[in-house]
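Listed here are the chains, written in short residue letters.
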Amino acid sequence: MAGTASSSLRVWTVASTTAVVASSTSSACTRASLQLSPRIVLPCSRRAVSLALGFKPCLKSSAGVVRWLGVRAQGLAATEPLVSEPVKLVDAPVSIVTGSSRGIGKAIALALGGAGGKVLVNYARSAKEAEEVAQQIEDLGGSALVCGGDMSKEADVEALFKAALDKWGTVDILVNNAGITKDTLLMRMKKQQWQDVIDLNLTGVFLCTQAATKVMMKKRKGRIVNISSVVGVTGNIGQANYAAAKAGVIGLTKSVAREYASRNITVNAIAPGFITSDMTAKLNEETEQAILKTIPLGRYGLPKEVAGLVKFLALDPAAAYITGQTFNIDGGMVM
Ligand code: NAP
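The paragraphs below set out a description of the structure included in this document. Being a predicted model, the structure only gives us computed values, none of them experimental.

About the cut-offs
All residue numbers refer to position in the chain's written sequence, counted from 1. A pLDDT threshold of at least 70 governs which residues receive local features in this predicted model, and a stricter bar of 80 or more applies before side-chain atom pairs are shown or counted, although totals over entire chains, interfaces and linings include all residues. With hydrogens and water excluded, all non-hydrogen atoms of the structure serve as input to the side-chain values. Each residue is assigned to one of three classes by its accessible area relative to the maximum for its type, calculated with a 1.4 Å probe on protein chains only: buried under 20%, partly exposed between the two thresholds, exposed over 50%. Runs of E in the DSSP output that reach at least two residues are strands. Runs of H or I that reach at least four are helices, and both are numbered from the N terminus. The pairing criterion for strands is at least two bridges between them, as found by DSSP. Convention used here: a crossover is right-handed provided that the path from the first strand, over the helix, to the second strand proceeds clockwise when the strands point away from the viewer. Nearness is judged by heavy atoms alone; a residue qualifies as near a molecule or strand once a single heavy atom is within 4 Å of it. N or O atoms closer than or at 3.5 Å make up a polar contact, with two conditions inside protein: a donor-capable atom paired with an acceptor-capable one, and, for residues adjacent in sequence, both atoms drawn from side chains. Classes in brief: Ala, Val, Leu, Ile, Met, Phe, Trp, Tyr, Cys and Pro nonpolar; Asp, Glu, Lys and Arg charged; the others, Gly included, polar. Axis definition: a line fit to C-alpha positions, over the contact stretch in the case of helices; interaxial angles, taken between N-to-C directions, run 0 to 180 degrees. Contacts: residue pairs with any heavy atoms within 4.5 Å of one another. Helix crossings get a hand from a simple test, with the near helix turned counterclockwise from the far one by less than a right angle marking a left-handed crossing and a clockwise turn marking a right-handed one. Think of a patch as exposed residues, more than 30% relative accessible area, with no salt bridge, where like charges cluster within 9 Å and nonpolar side chains (Val, Leu, Ile, Met, Phe, Trp, Tyr) cluster within 5 Å. A 1.4 Å probe and the Shrake-Rupley method give the accessible areas. Residues count as covered only by the protein chains that appear here. Criterion for a salt bridge: a side-chain nitrogen of Lys or Arg within 4 Å of a carboxyl oxygen of Asp or Glu.

**Observations regarding the pairing of strand β6 (residues 94-97)**
Turning to step 1, where the next piece is worked out: Burial along β6 is two-sided: the residues Val94 and Ile96 and Ser95 and Val97 are all buried.
Turning to step 2, where the next piece is worked out: Two strands pair when backbone bridges link them, and β6 and strand β7 (residues 118-123) are joined in this way by four bridges, in the parallel orientation. Across the sheet, the residue bridging to Ile96 is Leu120, located in β7.
Turning to step 3, where the next piece is worked out: Taken together, β6, helix α3 (residues 103-114) and β7 constitute a β-α-β crossover, and its handedness is right-handed.
Turning to step 4, where the next piece is worked out: Sheet topology note: the β6/strand β9 (residues 173-176) ladder contains three bridges and is parallel. Among the inter-strand pairings, Ile96 is bridged to a residue of β9, identified as Leu174.

**Description of the pairing of strand β11 (residues 265-272)**
For a regular strand, side chains alternate in direction, first toward one face of the sheet and then toward the other.
Turning to step 1, where the next piece is worked out: Taking burial as the measure, the eight residues of β11 include eight buried ones, the bulk of the element.
Turning to step 2, where the next piece is worked out: Residues Ile265, Val267, Ala269 and Ala271 line one face of β11 and the alternating positions Thr266, Asn268, Ile270 and Pro272 line the opposite face, and both faces are buried.
Turning to step 3, where the next piece is worked out: As paired strands, strand β10 (residues 222-227) and β11 are joined by six bridges and run parallel to one another. Along β11, the bridge assignment pairs Gly222 with Ile265.
Turning to step 4, where the next piece is worked out: The pairing of β11 with strand β12 (residues 326-329) spans four bridges and is parallel. Bridging from a neighbouring strand, Ala271 pairs with Asn328 of β12.

**A short note on the site of the ligand**
Turning to step 1, where the next piece is worked out: In the vicinity of the ligand there are 32 residues, among which Arg125, Ser126, Asn177, Tyr242 and Ser277 approach most closely.
Turning to step 2, where the next piece is worked out: At 3.4 Å from a nitrogen atom of the ligand is found a main-chain nitrogen or oxygen belonging to Gly149.
Turning to step 3, where the next piece is worked out: Asp150 is positioned such that a nitrogen or oxygen atom in its side chain is 2.9 Å from a nitrogen atom of the ligand.
Turning to step 4, where the next piece is worked out: Here the element with the most residues in the shell around the ligand is helix α9 (residues 278-281); it accounts for three residues.
Turning to step 5, where the next piece is worked out: Of the residues contributing to the shell around the ligand, the split by class is 13 nonpolar, 14 polar and five charged.

**Regarding the sheet that holds strand β8 (residues 143-148)**
The strands making up a sheet associate through backbone hydrogen bonding, with each pair oriented either parallel or antiparallel.
Turning to step 1, where the next piece is worked out: Across the sheet, which stays open at both edges, the seven strands sit in the order β8-β7-β6-β9-β10-β11-β12 with parallel pairing between neighbours. Of all the strands in the sheet, just β8 and β12 have a single pairing partner and so form its edges. Sheet twist, expressed as the average angle between the axes of neighbouring strands with direction ignored, equals 20°.
Turning to step 2, where the next piece is worked out: Across the sheet, helix α5 (residues 154-168) is in contact with β6, β7, β8 and β9; its angle to β8 comes to roughly 150°.
Turning to step 3, where the next piece is worked out: Along the sheet, helix α8 (residues 240-260) contacts β10, β11 and β12; its crossing angle with β11, the most-contacted strand, is approximately 160°.

**As for the packing of α5 against helix α6 (residues 191-219)**
Turning to step 1, where the next piece is worked out: With their axes 9 Å apart at the nearest point, α5 and α6 run at an angle of 35° to one another. Seen along the crossing, α5 lies across α6 with a hand that is right-handed. Across from Glu154, Val157, Phe161 and Leu165 in α5, the residues of α6 making contact are Leu207, Cys208, Ala211, Ala212 and Val215.
Turning to step 2, where the next piece is worked out: Residues of the contact of α5 with α6, tallied by class, amount to eight nonpolar, no polar and one charged.

**Some thoughts on a nonpolar patch on the surface**
Turning to step 1, where the next piece is worked out: A cluster of nonpolar residues, Leu185, Met187 and Ile237, forms a patch on the protein surface that exposes about 380 Å² of accessible area.
Turning to step 2, where the next piece is worked out: Within the secondary structure, Ile237 is located in the loop between α7 (231-234) and α8.
Turning to step 3, where the next piece is worked out: For Ile237, a relative accessible area of 76% gives the class exposed.

Here's what the structure looks like:
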């Protein structure tokens, strides 16, 4: 994971290479601050690094600049500054998290904002809750922009991306989280119940992904995380609409991952099992007990546990080589 809960996230660019450096203090790049970072970019000579680490860096440098070092900074002795030339501190990553006024989306927005990022908090109806999420992000040291909008509607999606671009000039991370359920057995399901769920849970992901990739492909950089569901993998009684949409998200994820890999855009899906939120609070006691019996870990997951996985896929340098995957986070329900 990038950094620690108490550290803020900083992105440094050196000789056209970008690395994420966690620092709880200032923008000064000192050995002490680098001790928090799992991966670092050091603009100093290979020999100096070899001596400090006690072995030769395995990556070749160009023009005396050591690029990615997959080493733990704890291997470096402390005190004198490592930076021998100025480095440029680029802006913190800009994230859009759809449906982040409540539940899992809120936890994701707080995780990305808490890492020092700029986060667009989207809601459909819960304006007050969205404002509170934004305030919490600011309190954690991030920046936030609140933007209402129905993610199943093309015009609202366009307006949302315009708001992020007007304020921050770019979009680095998209988390397609907004989702609804309208459960009933197939034999009773009205066309509208089918359509509403497909429109937000699948078409909304398509619309936001298309808008995000337009920005990301020009930068040749971006990360997209789609919140699917284990139900999209297994199917579920009473959720034909929801399961179809969530399975569709997995197919969409794989296709977009293939289409945009050459542009350095990763696209992954997360398939949560039962997570404590307003969505699962609708379930009655009997259903809940039946569900718990199917979860080897014997409990519902927490929104912050899903958020931790999103944060890894969205921010961690190690996740740069992961694309087109679906990660179950379900207490062992599906294995
Ligand atoms: P939740 O507590 O019901 O929250 C849903 C969020 O989506 C809210 O912020 C809501 O905003 C927003 N939203 C609803 N309709 C929207 C629309 N048309 N446009 C934009 N935003 C909209 O749900 P959750 O449990 O956190 O679920 C989040 C995601 O995880 C969903 O995609 C869901 O399918 C998926 N998931 C959840 C579970 C689970 O067990 N909870 C399991 C698997 C997958 P407002 O408050 O403004 O309505």
